[in-house]
Amino acid sequence: MTVTTPVTGSAADATEDLILSVRGLRTTFAGLHGPVHAVQDVDLDLRRGTTLAVVGESGSGKSVTVRSLLGILDPGGRVEAGTALFRAGAGDAPVDLLQLGPKSTALREVRGKQVGMIFQEPMASLSPMQTIGAHIVEVLRIHLGMTKAEARERGISLLRRVGIADPARCMDSYSFQLSGGMCQRAMIALALACDPRLLIADEPTTALDVTTQAKVLDLLEETTAESNLSVLFITHDLGVVARVADHVAVMRYGALVESGPAAQVFEDPQHEYTQQLVRASTVKPRHARAQPRAESGASAPADLLPVVEVSDLHVTFGGKARAFSRRAEPVHAVAGVTLEVLPGETLGLVGESGSGKTTTGRAVVGAQVTTGGSVVYRDADGVTHDLVAMSKEARRGFRTDVRMVFQDPYTSLNPRMRLLEILAEPLRINHLASGSEMQDRVAAALERVGLEADHMNRYPHAFSGGQRQRVNIARALITEPRLVVADEAVSALDVSVRAQILELLNGLQDDFGLAYLFISHDLSVVESVCDRVAVMQHGMIVESRPTADLFAEPQHEYTRMLLDSVPVPDPSAYARR
């Protein structure tokens, strides 16, 4: 049944064309020094059958806004004021979601049945203790009163609808047995289980590679068109916004700074912050910074010899019998990769999730055991060393020259250590500095990446994601390396912070002649920073060319598919609904 709450006054006169109308939403969280105003007097209108994208950086309040509407705020959060009129059908009386109470039966009736939600992290949102089928069956039995058999049959149909090839097997699988893309498809099936009228998608493609992202966006567009769904889409990716949104609302510091039709916001942004986001999303390529390779057979200058040469690299997982389990089939994560990185050059390594690019990067720095091939490092004196053939003890001496920047700025820093201890650790372990000299080098490293020297006495939790990634970069550079492996170094960052980090990496490369192995699934970033690009698929390099040539005229079918999947921050590039 449809839940209604009587509404009087001007609120009752809301246009029937609006499925959701939010006015004066104000949400606060309890803080150590008083309330934190996460959402401040936000007004939003979502018209039936359209998609409204709410965009902004981390901390702008966009996710808190939608969580306020559904009564699923984190502990300490409280809606202080506002109305949120939801009208499931054009002829239905409006419901003020904010008046229902977060634990009320009335709101639970709306949540899941009339309003579905796709969360950002499917792995974290799906219980590892329940199968995918158990999640779907539970929702269908609670909201639609189905039997277990009926719910299972509908669950299989839903999973087939979202493009899962073997839905019966998926129903009996746990989230940790599926890929990120399949988990996200299962989340979409779960959100659509009860045929809701409004779908809220909170960063549904942030953690996905470009091809999986394109498939998920295709799926969302198809299902919303078939069911005439209204969509509230939360994201910081303006390329995705340009593709899916009819209207855009831009948030900053909890307030709405601009809203309007998508084409208008992109083509003629009025607020300075929106202009900044649009500029940051359109990064300009900078190609061919490395010197050309010497002709075959000629003696190359020392500075043109590769810093690292990877030859016929193999990494295999599994294939061994374990106690109380059957022999696992071997997985060839890296199958014969050959590449090289020149001094002062940035080589991009791209591919979908599971293509083997991260495993390759970890093998280069010695963090992954290999099953074949060689990784030859050439030191500053031109002497070559095969890092694979070395013992662990001997390899440690080269970890000051070959360093790594990890993907997640939150989990890669020890929360119990101050920045001084974090950055000084590689100096201390490798006996490069001690005492006041060590502290001076930590201070210099922080200042080099745009942080202040006195930040060294703070813990990681005191910094934003962008600042933490700067700390990661400072830690990688403090030993003055010659090669840095950057593994998805900006994938977790907002568009403007990403632009700052990329500018920082470029500047440091110019200043110190660093060579980068830049691992990423974001091809727009790769185009902006890399001199050459190697494309990986199923553990193999399928194409390797200068960046400008590869983006202008890709040779391999897989490369063309990757490039075609990249969302462009320009609504005119897509056919409007």
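Bear in mind the structure is a predicted one, so any value in this text is a computation, not a measurement.

The subject of this paragraph is the overall build of the protein chain. Helices and strands together make up the secondary structure of the protein chain, namely 20 helices and 20 strands. The C-alpha radius of gyration computed for the protein chain amounts to 26 Å, which stays within 12% of the reference 25 Å derived for 577 residues, consistent with globular compactness. Seen through its principal axes, the protein chain has C-alpha atoms that stretch 80 × 55 × 50 Å. Taken across its 577 residues, the protein chain has 52% of its residues classed as buried. Considering only contacts in the protein chain between residues 6 or more positions apart, those separated by 24 or more positions represent 69%. Carbon and sulfur atoms provide 50% of the accessible area of the protein chain, an area that totals close to 26300 Å². Side chains of the protein chain give 57 positive and 69 negative charges; the mean places of these two sets differ by 7 Å.

A few words now on the pattern of salt bridges. Under the definition given, this model contains 13 salt bridges. Put simply, D172 and R152 hold a salt bridge, and the shortest N to O gap is 3.2 Å. Of the two residues, D172 is situated in the loop between α6 (167-171) and α7 (180-191) and R152 in helix α5 (residues 148-161); the sequence distance between them amounts to 20 residues. Here D172 falls in the partly exposed class, since its relative accessible area comes to 47%. With a relative accessible area of 31%, R152 lands in the partly exposed category. When the shortest N-O distance is used, the salt bridge between R154 and D195 registers 3.4 Å. With R154 in helix α5 and D195 in the loop between α7 and β7 (198-202), this residue pair connects regions lying 41 residues apart in the sequence. Note on R154: relative accessible area 22%, which makes it partly exposed. Taken together, the shared-partner salt bridges connect D218, E221 and R243 into one network.

What follows is about the state of the cysteines. One pass over the structure, following the stated rule, counts 0 disulfides. Lacking any disulfide linkage, C170 is separated from the closest cysteine sulfur, that of C183, by 7.9 Å. Owing to a relative accessible area of 2%, C170 belongs among the buried residues under this scheme.

So, about the side chain of T211. Turning to its location among the elements, T211 is positioned in helix α8 (residues 210-227). What makes T211 buried here is its relative accessible area of 2%. If near-sequence neighbours (up to four positions away) are discounted, T211 is found in contact with E352, M561, L562 and S565.

Moving on, we come to unusual backbone geometry. The phi torsion at E203 lies on the positive side, around 50°, for a residue other than glycine. Counting through the fold element by element, E203 comes out in the loop between β7 and α8. What makes E203 buried here is its relative accessible area of 5%.

With that settled, consider the packing of helix α16 (residues 465-477) against helix α17 (residues 495-512). The N-to-C vectors of α16 and α17 enclose an angle of 15°; their axes lie 10 Å apart at closest approach. Between α16 and α17, the angle is such that the two are roughly parallel. When you trace α16 past α17, the crossing you get is right-handed. Contact with α16, carried on its side by G466, R470, I473 and L477, involves V497, Q500, I501, L504, L505 and L508 of α17 and no other residues of that element. Considered class by class, the residues forming the contact of α16 with α17 number 7 nonpolar, 2 polar and 1 charged.

Sheets are built from strands that pair by backbone hydrogen bonding, the pairs being arranged parallel or antiparallel. Strand order across the open sheet formed by 4 strands is β2-β1-β4-β5, with antiparallel pairing between neighbours. Two strands bound the open sheet, and with one partner strand each, they are β2 (36-47) and β5 (95-96). For strand β1 (residues 18-29) and strand β4 (residues 77-86), the ladder comprises 8 bridges, and the chain directions are antiparallel. From the neighbouring strand, V22 faces β4, where its bridge partner is A84. Here helix α1 (residues 62-70) sits on the sheet and contacts β1, β2 and β4; the angle it forms with β1, its principal contact strand, is near 105°.

Read from one edge to the other, the open sheet built from 6 strands follows the order β6-β7-β8-β3-β9-β10, with strand pairing classed as mixed. Only two strands of the sheet have a single partner each, and these edge strands are β6 (115-118) and β10 (255-261). Neighbour to neighbour, the strand axes of the sheet diverge by 15° on average, direction disregarded. Both strand β9 (residues 247-252) and β10 contribute to a ladder of 6 bridges, which runs antiparallel. Paired with V250 across the two strands is E258, which belongs to β10.

Right, let's talk about α8 for a bit. Relative to the 26 Å expected for 18 residues at 1.5 Å per residue, α8 spans 26 Å between its end C-alpha atoms, a close match to the ideal helical length. A positive backbone phi angle near 55° is found at N228, which sits one or two residues after α8.

With that settled, the discussion passes to helix α15 (residues 435-448). The end-to-end C-alpha distance of α15, which contains 14 residues, comes to 20 Å, matching closely the 20 Å that a straight helix rising 1.5 Å per residue would cover. Those residues of α15 that fall on the buried side of the exposure criterion are M438, V442, A443, A445 and L446. The buried residues of α15 occupy an angular sector of 160° when projected down its axis, which confines them to one face. Facing away from the buried side of α15 by more than 90 degrees, the exposed set consists of S436, D440 and E447. The inward-facing, buried residues of α15 contact α14 (419-429) and α16. At the exit of α15 stands G450, carrying a positive phi of roughly 90°.

In this section: the domain arrangement of the protein chain. One frequently used descriptor of interface size is the decrease in accessible area upon assembly of the parts. Partitioning the protein chain into structural domains gives domain 1 (123-195) and domain 2 (308-319 + 330-566). Measuring from the centre of the C-alpha atoms in domain 1 to the corresponding centre in domain 2 gives 37 Å.

Centre-to-centre distance and the angle between the planes together describe a pair of aromatic rings. For the structure shown, the criterion picks out 2 aromatic pairs. With a centroid separation of 5.6 Å and 10° between ring planes, the pair formed by Y174 and F176 is classed as stacked. Given the relative accessible area of 29%, Y174 is considered partly exposed. Overall, the relative accessible area of 55% leaves F176 in the exposed class.

Turning our eyes to something else, we now look at the confidence of the model for the protein chain. Per-residue confidence for the protein chain gives a mean pLDDT of 84, with 91% of residues at or over 70. When mean pLDDT is taken per element in the protein chain, strand β13 (residues 346-350) scores highest with 95 and helix α3 (residues 122-125) scores lowest with 75. In this model, residues 1-14 is a region of pLDDT below 50 whose contacts with residues beyond four sequence positions or in other chains number 22 contacts. Predicted confidence for residues 287-302 stays below pLDDT 50, and this span has 21 contacts to residues more than four positions away or in other chains.

Rules and cut-offs
- Residues numbered from 1 in each chain as written.
- Predicted model: local features only at pLDDT ≥ 70, side-chain atom pairs only at ≥ 80, totals over all residues.
- Heavy atoms only, no water.
- Helix = DSSP H or I, 4+ residues; strand = E, 2+ residues; numbered from the N terminus.
- Rg over C-alpha atoms; globule rule 2.2 N^0.38 Å.
- Buried < 20%, exposed > 50% of the residue type's maximum accessible area, 1.4 Å probe, protein only.
- Contact = heavy atoms within 4.5 Å.
- Areas by Shrake-Rupley, 256 points an atom, 1.4 Å probe, with all protein chains shown as cover.
- Lys, Arg positive; Asp, Glu negative; His and termini not counted.
- Charge placed at Lys NZ, Arg CZ, Asp CG, Glu CD.
- Salt bridge = Lys/Arg side-chain N within 4 Å of Asp/Glu carboxyl O.
- Disulfide = S-S within 2.5 Å.
- Axes fitted to C-alpha atoms, helices over the stretch in contact; angles between N-to-C directions.
- Parallel < 35°, antiparallel > 145°, perpendicular 65-115°, else oblique.
- Left-handed = near helix turned anticlockwise from the far one by under 90°.
- Nonpolar A, V, L, I, M, F, W, Y, C, P; charged D, E, K, R; others polar.
- Pairing = 2+ DSSP bridges.
- Expected span 1.5 Å × (residues − 1).
- Arc of directions from axis to C-beta.
- Domains from an automatic or database assignment.
- Phe/Tyr/Trp six-rings, centres within 6.5 Å; stacked < 30°, edge-to-face > 60°.
- pLDDT = per-residue confidence, 0-100.

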